[in-house]
Amino acid sequence: MKIPEWPHPSRLEKTSPAGFESLLSCPLKGFLDTVPSLPAHRVTHPKALIGIVCHDMLRRASVGAYDHIDPSEIKQVLREQFHQKCQHLLLSSVNASQSQRYGSPENWPGYNIRYYRLQASALQTFERRSTNTNRSDMSNVDILAERELKSSNGRLVGRPDRMIYREHGDAIIEDYKTGEIYDGNELRAHIRRQMLLYTFLCVESFDVHNVTFRVIPMNGVVYEENVDLAEAVRFGDSVFDTLDSINTSLLEISRGEKLFNELAQPSAESCAFCPYRNRCDTYWSSMTTSNGSFLDVEGRIDSVSSSSHYTEIRLTSTSSGQSFVISAPITFYDSHLEPSQRIRCIQLRKVGESSTDIFTEVYEDTTIWWSL
Ligand code: SF4
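Residues numbered from 1 in each chain as written. Predicted model: local features only at pLDDT ≥ 70, side-chain atom pairs only at ≥ 80, totals over all residues. Heavy atoms only, no water.

**What about the overall build of the chain?**
Now for step 1: The number of helices and strands found in the chain is 10 helices and 16 strands.
Now for step 2: Taking all 372 residues of the chain together, the buried fraction comes to 47%.
Now for step 3: A separation of at least 24 residues holds for 62% of the contacts in the chain among residues at least 6 apart in sequence.
Now for step 4: Total accessible area on the chain is roughly 18500 Å²; 49% of this is exposed by carbon and sulfur atoms. (Helix = DSSP H or I, 4+ residues; strand = E, 2+ residues; numbered from the N terminus. Buried < 20%, exposed > 50% of the residue type's maximum accessible area, 1.4 Å probe, protein only. Contact = heavy atoms within 4.5 Å. Areas by Shrake-Rupley, 256 points an atom, 1.4 Å probe, with all protein chains shown as cover.)

**Structural notes on the site of the ligand**
Now for step 1: Around the ligand, the structure places C26, L28, K29, A264, Q265, P266, S270, C271, C274, R277, C280 and Y283.
Now for step 2: When residues of the shell around the ligand are traced back to their parent elements, those giving at least two are α2 (27-32) and α9 (268-272).
Now for step 3: When grouped by side-chain class, the residues that make up the shell around the ligand number 8 nonpolar, 2 polar and 2 charged. (Near = heavy atom within 4 Å. Nonpolar A, V, L, I, M, F, W, Y, C, P; charged D, E, K, R; others polar.)

**So, the side chain of S317**
Now for step 1: You can see S317 is positioned in strand β12 (residues 310-317).
Now for step 2: Taking the relative accessible area as the measure of exposure, S317 reaches 4% and is therefore buried.
Now for step 3: A distance of 3.1 Å separates the side chain of S317 from the backbone nitrogen of S320, its partner in a polar contact.
Now for step 4: Not counting residues within four places of it along the chain, the set of residues in contact with S317 comprises T288, V297, E298, G299, Q322 and F324. (Polar contact = N/O pair within 3.5 Å; in protein donor to acceptor, adjacent residues only side chain to side chain.)

**Here we look at the environment of V233**
Now for step 1: Here V233 lies in helix α8 (residues 229-254).
Now for step 2: For the pair V233 and L196, spaced 37 residues apart in sequence, the C-alpha separation works out to 8.0 Å.
Now for step 3: Beyond its immediate sequence surroundings of up to four residues, V233 is in contact with F200 and V203.

**With respect to the packing of helix α7 (residues 189-205) against α8**
Now for step 1: The interhelical angle for the contact between α7 and α8, taken along N-to-C directions, is 95°, at an axis separation of 8 Å. Put simply, α7 runs roughly perpendicular to α8. Contacts between α7 and α8 involve R192, R193, L196, L197, T199, F200 and V203 from the former and L229, E231, A232, V233, F235, G236, D237, V239 and F240 from the latter.
Now for step 2: Its residues assigned to classes, the contact of α7 with α8 shows 10 nonpolar, 2 polar and 4 charged. (Axes fitted to C-alpha atoms, helices over the stretch in contact; angles between N-to-C directions. Parallel < 35°, antiparallel > 145°, perpendicular 65-115°, else oblique.)

**What about helix α6 (residues 111-130)?**
Now for step 1: Its 20 residues place the ends of α6 28 Å apart at the C-alpha level, agreeing with the 28 Å of an ideal helix rising 1.5 Å per residue.
Now for step 2: Taken as a whole, α6 has its buried residues at Y111, R114, Y115, L118, Q119, S121, A122, L123, T125, F126 and R129. (Expected span 1.5 Å × (residues − 1).)

**Some thoughts on the packing of aromatic side chains**
Now for step 1: All told, the structure shown has 10 aromatic pairs when counted by the stated rule.
Now for step 2: Arranged with centres 5.2 Å apart and planes meeting at 35°, the rings of Y165 and F206 form a pair that is tilted. You can see Y165 sitting in strand β4 (residues 162-166) and its partner F206 sitting in the loop between α7 and β8 (210-217), a full 41 residues away along the chain.
Now for step 3: One aromatic cluster is present, built from ring pairs that chain together F82, Y111, Y115 and Y116. (Phe/Tyr/Trp six-rings, centres within 6.5 Å; stacked < 30°, edge-to-face > 60°.)

**Section: α7**
Now for step 1: Its 17 residues give α7 an end-to-end C-alpha distance of 24 Å, which sits within 8% of 24 Å, the value for a rise of 1.5 Å per residue.
Now for step 2: Those residues of α7 that sit buried are I191, Q194, M195, L196, L197, Y198, T199, F200, L201 and C202.

**Thoughts on the pairing of strand β13 (residues 323-329)**
Now for step 1: Summarising burial for β13: 5 of the 7 residues are buried, a large majority.
Now for step 2: Taken together, β12 and the strand that follows it, β13, pair antiparallel across an intervening segment of 5 residues, in which G321 is found at a positive phi of about 75°. (Pairing = 2+ DSSP bridges.)

**Examining the confidence of the model for the chain**
Now for step 1: For the chain, mean pLDDT is 83; residues scoring 70 or higher make up 84% of the total.
Now for step 2: For the chain, the element scoring lowest by mean pLDDT is helix α5 (residues 97-102), at 56; α8 scores highest, at 96.
Now for step 3: In this model, residues 133-138 is a region of pLDDT below 50 whose contacts with residues beyond four sequence positions or in other chains number 4 contacts. (pLDDT = per-residue confidence, 0-100.)

**A word on the nonpolar core**
Now for step 1: Counting residues in each nonpolar core, the largest one holds 30 residues, and the members touching the most others are M163 and V211.
Now for step 2: For this core, the elements supplying multiple residues, two or more each, are β4, β5 (170-177), α7, β8 and α8.
Now for step 3: The element best represented in this core is α7, accounting for 8 residues.
Now for step 4: Apart from residues no more than four positions distant in its own chain, V211 is found in contact with A171, I173, T199, C202, E225, N226, V227 and L229.
Now for step 5: By size, the runner-up hydrophobic cluster in this structure holds 26 residues, among which are V35, A264, W284 and Y363. (Core = buried A, V, L, I, M, F, W, Y, C linked by side-chain atoms within 4.5 Å.)

**Some details on the environment of E269**
Now for step 1: Relative to the helices and strands, E269 resides in helix α9.
Now for step 2: The class of E269 is exposed, set by a relative accessible area of 65%.
Now for step 3: Distance from E269 to S25, taken between C-alpha atoms, is 8.7 Å for residues 244 residues apart in sequence.

**Let's talk about the pairing of β8**
Now for step 1: Counting buried positions over the 8 residues of β8 gives 6, a clear majority of the element.
Now for step 2: The hairpin turn running from β8 into strand β9 (residues 223-226), its antiparallel successor, is 5 residues long, and G220 in that turn takes a positive phi close to 100°.

**Focus: the pattern of salt bridges**
Now for step 1: All told, the structure shown has 20 salt bridges when counted by the stated rule.
Now for step 2: Measuring nitrogen to oxygen at the nearest pair gives 2.6 Å for the salt bridge that ties K85 to D56. Here K85, found in helix α4 (residues 74-92), pairs with D56, found in helix α3 (residues 46-62); they are 29 residues apart in sequence, far enough to count as distant.
Now for step 3: The salt bridge partner of R344 is E298, with a shortest N-O separation of 2.9 Å. Of the two residues, R344 is situated in strand β14 (residues 342-349) and E298 in strand β11 (residues 294-306); the sequence distance between them amounts to 46 residues. E298 shares its class with R344; the two are buried.
Now for step 4: A single network of salt bridges, built from pairs that share partners, joins R162, E174, R214 and E224. (Salt bridge = Lys/Arg side-chain N within 4 Å of Asp/Glu carboxyl O.)

Put into structure tokens, the structure is as follows:
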């Protein structure tokens, strides 16, 4: 891990429904996501890579990419493709240290269970398509798969997974999801916002009067809504106001009137898996994150003690004032660690489960201990 330099605060000319969601949850993260040179610092979990593969294969099943395959061979083809696509992502994610650490995709946590869920869902789509005898009667229908749609001012672009456009201005937009889509009985708020933006793009790109949106989960019940077009247009317009406001901040940063950290908007949901948190001072000064058995904490060292096997660091958190004890094998002991020094611990295991693979780095006046 190397602490990345802040990039040039270039103006955001456009965004996508997913990019807008990222800007809404944290403008700093949303902006950094657009910088091509930064992905090298991203830590991608195998679960995220499997999610990308599942989404891609479901979309392919929905547009008929497997229709030509003999039903007796479909499972084998799906299995092989799943493995090849995971392997390809592994090879192309050289900086995805968590995935690299597990090695071959078969060793990734959740590999088999996610595959079998995908297989069940893809087979359903395959069977539905092979028994659909009406497919020849679709002369008045356009099916657009992953076609890029643009708002009239070019500032919002997006590719719905599939769009079915009928004569007389009727459209159906379909979006495939690999995760949970409901919060109780309601569609999750961020998915609904995406739905409104895809509808807005559809209204801006075609002569439509009626849009039905379908969210198709890998497991569970399909969500369908006849979208209120006026609501979609209002929400679409709000994207441009948000872009304008962030661009004003970026201009102030470029003039030295504001700091990048002032764009940050920490929250438990956004920060937990944020790849930029090692550089984000606002995060460290405002949050201590406990994610499963892992802990992110920044604080001042109260004491350092070593036994023959372990080094134990007691520290007081900058954000909460809570006390923590971090322990690591003695081999990681750094004699430069002293009381009152600032230390940032990234993804360390909580006390009682000593981390075994800690790396040390120094950033300005802060020592960083991080673990995979
Ligand atoms: S760590 Fe949190 S506050 Fe900082 S950039 Fe990431 S999401 Fe934003």
